[in-house]
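Descriptive structure summary
Residues per chain are reported as follows:
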Amino acid sequence: MNDNHPVLQAMLLDLRELRSRYAADPCDFNRYQLARQEARVGQVRPDLLMGV
């Protein structure tokens, strides 16, 4: 999937939002949501999570 693909961009936007939500409120629910989104992005583009 290309870097400028709209679905990938939406997934990365959700990932950034979940990271900021977890940073503001590190509860189990936010951690779970963040881990799930990271897994989704990792399935599509694992190279994007290497530097995280």
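Note that this is a predicted model, so its numbers are computed, not measured. (Residues numbered from 1 in each chain as written. Predicted model: local features only at pLDDT ≥ 70, side-chain atom pairs only at ≥ 80, totals over all residues. Heavy atoms only, no water.)

**With respect to the overall build of the chain**
Along its length, the chain carries two helices and zero strands. Projected onto its principal axes, the C-alpha positions of the chain cover 35 × 15 × 15 Å. Sequence-distant contacts in the chain: of pairs separated by 6 or more residues, those separated by 24 or more amount to 46%. Surface exposure of the chain reaches about 3800 Å², of which carbon and sulfur atoms provide 55%. (Helix = DSSP H or I, 4+ residues; strand = E, 2+ residues; numbered from the N terminus. Contact = heavy atoms within 4.5 Å. Areas by Shrake-Rupley, 256 points an atom, 1.4 Å probe, with all protein chains shown as cover.)

**Examining the nonpolar core**
Counting seven residues, the largest nonpolar core is built from Leu8, Met11, Leu12, Leu15, Leu18, Leu34 and Val41. Those elements giving two or more residues to this core turn out to be helix H1 (6-24) and helix H2 (28-44). Considering every element that reaches this core, the biggest residue donor is H1, with five residues. Not counting residues within four places of it along the chain, the set of residues in contact with Val41 comprises Met11, Leu12, Leu15, Pro46 and Leu49. (Core = buried A, V, L, I, M, F, W, Y, C linked by side-chain atoms within 4.5 Å. Buried < 20%, exposed > 50% of the residue type's maximum accessible area, 1.4 Å probe, protein only.)

**Focus on the side chain of Gln37**
Residue position: Gln37 is located in helix H2. For Gln37, a relative accessible area of 5% puts it in the buried group. Excluding residues that lie within four positions of it along the chain, Gln37 makes contacts with Met11, Asp14, Leu15 and Leu18.

**Brief notes about the pattern of salt bridges**
Per the stated rule, a full pass over the model turns up five salt bridges. The closest approach of N and O atoms between Arg45 and Asp3, which form a salt bridge, is 2.6 Å. Taken together, the residues span a long stretch of sequence, with Arg45 in the segment after H2 and Asp3 in the segment before H1 at a distance of 42 residues. By relative accessible area, Arg45 is classed as buried at 12%. The residue Arg21 makes a salt bridge to Glu17 at a minimum N-O spacing of 3.6 Å. (Salt bridge = Lys/Arg side-chain N within 4 Å of Asp/Glu carboxyl O.)

**Re H2**
For H2, which comprises 17 residues, the first-to-last C-alpha distance of 25 Å matches the rise-based estimate of 24 Å (1.5 Å per residue) to within 8%. Among all positions of H2, only Asn30, Leu34, Gln37 and Val41 are buried. All buried residues of H2 fall inside an arc of 65 degrees around its axis, so they share one side. Residues of H2 that are exposed and point over 90 degrees away from its buried face: Asp28, Phe29 and Gln43. Where H2 is buried, its residues touch H1. (Expected span 1.5 Å × (residues − 1). Arc of directions from axis to C-beta.)

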